[in-house]
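# Topology and contacts: notes
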Amino acid sequence: MPPGITTLAADAPELSAANTGFMLICSAMVMLMTPGLAFFYGGMVRVKSTLNMLMMSFISLGIVTILWVLYGFSLAFGSDIGSVIGWSSDFVGLSGIGVTELWDGYTIPVYVFAVFQMMFAILTPALISGALADRVKFTSWALFIALWVTVVYFPVAHWVWGAGGWLFELGVIDFAGGTAVHINAGAAALGVILVIGKRVGFKKDPMRPHSLPLVMLGAALLWFGWFGFNAGSWLGNDDGVGAVMFVNTQVATGAAVLGWLAYEKIRHGSFTTLGAASGAVAGLVAITPAGGAVSPLGAIAIGVIAGVLCAMAVGLKYKFGYDDSLDVVGVHLVGGILGSLLVGFFATGGVQSDAKGLFYGGGLDQLGKQAVGVFAVLAYSLVVSAVLAFILDKTIGMRVSEDDEVSGIDQVEHAETAYDYSGAGGGSAPRTTAQAPGTSAAPNKKVDA
């Protein structure tokens, strides 16, 4: 992806209306992924946490947008400082950028590149929220987002994509965010949940998704938006690389759905809608770093591998006892690791760069580079995110009280409920005091919320 990738043209580029329009459309598609994620996560939680889950994604749209304009773009993509961070005063507040000033080496304005990257920065902390469902104070979550993007996301984005960033200079291939987005968010999720602990009733009470149609809608919006996320990351359409990435995105995702469902049928005996949606996301995650380096056949292999192994990985939380509410670790961390490492096997050397993987005669060189990128980002994000969560927990507190968690975080934090049944009356018999609105449960029977 981004800056220092050298264009093939020898002449200085001129502004391309076609590429500029394409990138604005891609930016809007990536923005749609955050509401899509909100629906995906919102359907997976219990009724009493639905609105909180939606809000944990939507608040990122506000917080990260402002921080990106004020200093985030400068930290991530400004002039390199020591290969670990960027800084350019012209990028602060986006105040020193000319309207037609082009992003270095490309045919799109700096403003367009900045807003495209803004949408990545917004989505990444929202991904973390799924691991923390049901139990985090909204104010603490908002503050965590602000701190996390500042000390984790902005520096890591510079490492991976910024001209002069140490992983970029090393030659780590990450087309659209396997390390900077998915491993970064997955490792952060693991770090935070190790600090704040498990939900009340984890491994004891049923915690089933309350709306699988909502989950499928969210997955569909993510899948659609991901074409902008992936294909747009080449920043134009001049050489066909973005088209390859578009094709590979679809191919790998379809393969991952089949892989997840096949594993699910063999292991549990059923093809579930939740499995189909989760498989799609796993495939999207895994192809994100790799799709610009592999062929469609390689994309099929990556999708199947990710679908099966991510399906296996989601059960690790029960084995090891960490409460990853909506499988952020199992899908985003594991999927990001797989996609990033598999570049070292399936890179053809004929798409985005001449780097070849093991299966195409490239030896272990690229795999070694990919491993360095994977484990550097994983370790940094895991440790720093845990430290941030620990500080917040010991100062303002990260978790709601046990009583508030049991009664429902929506009412406590937002004074609302996702579904209002007060107008849904009719000719039915009067409800007993033990019967919840909108349910048909027998009196005195406990209803899982």
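All chains use their own residue numbering, which begins from 1 and follows the written sequence. In keeping with the model being predicted, local features are shown solely for residues with a pLDDT of at least 70 and side-chain atom pairs are shown and tallied solely at 80 or more, while totals for entire chains, interfaces and linings include all residues. The side-chain values count all of the structure's non-hydrogen atoms but skip hydrogen atoms and water molecules.

### Thoughts on the overall build of the chain
Where we set the bar: Secondary structure elements are defined from DSSP: runs of H or I of at least 4 residues count as helices, runs of E of at least 2 residues count as strands, and each element is numbered from the N terminus. Only C-alpha atoms enter the radius of gyration, while the globule expectation follows 2.2 Å times N to the 0.38, with N the number of residues. Whether a residue is buried, partly exposed or exposed follows from its accessible area with a 1.4 Å probe, protein chains only, as a fraction of its type maximum: under 20%, in between, or over 50%, in that order. Residues are treated as being in contact if the distance between any of their heavy atoms lies within 4.5 Å. Here, Shrake-Rupley sampling with a 1.4 Å probe gives the accessible areas, and only protein chains in the shown set may cover a residue.
Regarding its fold elements, the chain presents 15 helices and 2 strands. At 22 Å, the chain has a C-alpha radius of gyration in line with the 22 Å of a compact globule built from 449 residues. Along the first, second and third principal axes, the C-alpha set of the chain runs to 80 × 50 × 40 Å. In the chain, which comprises 449 residues, the share counted as buried stands at 55%. Nonlocal contacts in the chain, meaning residues at least 24 apart in sequence, comprise 76% of its contacts between residues at least 6 apart. Summed over its atoms, the accessible surface of the chain is roughly 17600 Å², and 65% of this surface lies on carbon and sulfur atoms.

### Thoughts on the packing of helix α1 (residues 17-44) against helix α3 (residues 110-128)
As a reminder, the rule being used: All axes here are fitted lines through C-alpha atoms, helices being fitted over the stretch that makes contact, and every angle between N-to-C directions spans 0 to 180 degrees. Should an angle fall under 35 degrees it is called roughly parallel, over 145 degrees roughly antiparallel, and 65 to 115 degrees roughly perpendicular, with every other angle called oblique. By convention the crossing between two helices is left-handed if the near helix lies anticlockwise of the far one by an angle smaller than a right angle, and right-handed if it lies clockwise. Residues are grouped as follows: nonpolar covers Ala, Val, Leu, Ile, Met, Phe, Trp, Tyr, Cys and Pro; charged covers Asp, Glu, Lys and Arg; every other residue, Gly included, is treated as polar.
Axis separation between α1 and α3 bottoms out at 9 Å; the angle between their running directions is 10°. By the angle between their axes, α1 is roughly parallel relative to α3. Here α1 and α3 pass one another in a crossing that is left-handed. In contact with Thr 20, Met 23, Leu 24, Cys 26, Ser 27, Val 30, Met 31, Met 33, Thr 34, Leu 37 and Tyr 41 of α1, α3 contributes Val 112, Val 115, Phe 116, Met 119, Phe 120, Ile 122, Leu 123, Ala 126 and Leu 127. Classifying every residue of the contact of α1 with α3 gives 17 nonpolar, 3 polar and no charged.

### Some details on the side chain of Asn 184
Where we set the bar: Think of a polar contact as two N or O atoms within 3.5 Å of one another; within protein, one of them needs to be a possible hydrogen donor and the other a possible acceptor, and neighboring residues in sequence only count if both atoms come from side chains.
Along the chain, Asn 184 falls in helix α6 (residues 178-196). Asn 184 gets classed as buried once you look at its relative accessible area, which sits at 0%. A distance of 3.0 Å separates a polar atom in the side chain of Asn 184 from the backbone oxygen of Ala 180. If we ignore the near neighbours within four places in the chain, the residues touching Asn 184 are Trp 148, Val 152, Tyr 153, Val 156, Thr 179, Val 377 and Ser 381.

### Some points on unusual backbone geometry
One non-glycine residue with positive phi stands out, namely Ser 83, at about 65°. With respect to the helices and strands, Ser 83 occurs in the loop between β1 (79-81) and β2 (85-87). Phi is positive for Leu 94, close to 50°, though the residue is something other than glycine. On the secondary structure map, Leu 94 appears in the loop between β2 and α3. What makes Leu 94 buried here is its relative accessible area of 14%.

### Let's talk about the packing of aromatic side chains
Definition in use: Stacked, tilted and edge-to-face are the three classes assigned to paired rings of Phe, Tyr and Trp, where Trp is represented by its six-membered ring and a pair needs centres within 6.5 Å; plane angles under 30 degrees give stacked, over 60 edge-to-face, the rest tilted.
Counted according to the given criterion, the structure contains 27 aromatic pairs. Between Phe 73 and Phe 77 the ring centres are 6.0 Å apart and the planes differ by 45°, which places this aromatic pair in the tilted class. With a gap of 4 residues between them, Phe 73 and Phe 77 both fall in helix α2 (residues 50-77), about one helical turn apart. Comparing Phe 73 with Phe 77 shows no difference in burial state: the two are buried. A ring pair is formed by Phe 91 and Trp 103, whose centres lie 6.3 Å apart and whose planes are at 35°; its orientation type is tilted. Residue Phe 91 is found in the loop between β2 and α3, and its partner Trp 103 is found in the loop between β2 and α3; the two are separated by 12 residues along the sequence. Exposure remark for Phe 91: the relative accessible area of 11% places this residue in the buried category. For Trp 103, a relative accessible area of 6% corresponds to the buried category. Counting every residue linked through ring pairs, the aromatic cluster contains Trp 68, Tyr 71, Phe 73, Phe 77, Phe 91, Trp 103, Phe 113, Trp 148, Tyr 153 and Phe 154.

### What to know about α3
Stated formally: Working rule for helices: expected span equals 1.5 Å times residues minus one.
Here α3 is 19 residues long and its end C-alpha atoms lie 28 Å apart, about the 27 Å a rise of 1.5 Å per residue gives. For α3, the buried fraction is high: 17 of the 19 residues fall into the buried class.

### What about helix α13 (residues 365-395)?
Taking 1.5 Å of rise per residue, the 31 residues of α13 would be expected to cover 45 Å, and the 46 Å separating its terminal C-alpha atoms lies within 8% of that figure. Of the residues trailing α13, Gly 397 is marked for its positive phi of about 85°.

### Observations concerning the pattern of salt bridges
Under the convention used in this document: What counts as a salt bridge is simple: a side-chain nitrogen of Lys or Arg found within 4 Å of a carboxyl oxygen of Asp or Glu.
Tallying each qualifying case throughout the model produces 6 salt bridges. When the shortest N-O distance is used, the salt bridge between Arg 199 and Asp 134 registers 3.3 Å. With Arg 199 in the loop between α6 and α7 (212-231) and Asp 134 in the loop between α3 and α4 (138-161), this residue pair connects regions lying 65 residues apart in the sequence. Residues Arg 199 and Asp 134 agree in their burial class; the two are buried. Here Lys 317 ties to Asp 327 by a salt bridge, and the two come within 2.9 Å at their closest N and O atoms. Placement of the pair is Lys 317 in helix α11 (residues 316-320) and Asp 327 in the loop between α11 and α12 (328-346), with a sequence separation of 10 residues. Residues joined in a network through salt bridges with shared partners are Arg 46, Asp 134, Arg 199 and Asp 323.

### Description of the side chain of Lys 317
Here Lys 317 falls in the buried class, since its relative accessible area comes to 4%. Here Ser 325 takes part through its backbone oxygen, which lies 3.5 Å from a polar atom of the side chain of Lys 317. Aside from chain neighbours lying at most four places away, what touches Lys 317 is Phe 202, Tyr 322, Asp 324, Ser 325 and Asp 327.

### What about a nonpolar patch on the surface?
The following threshold applies: Two joining distances apply to patches: 9 Å for like charges and 5 Å for nonpolar side chains (Val, Leu, Ile, Met, Phe, Trp, Tyr), and every residue must have over 30% relative accessible area and no salt bridge.
Taken together, the side chains of Val 84, Trp 166, Leu 170 and Val 372 define a hydrophobic patch exposed on the protein surface, amounting to about 290 Å² of accessible area. For Val 372, the position within the fold is in helix α13. Note on Val 372: relative accessible area 38%, which makes it partly exposed.

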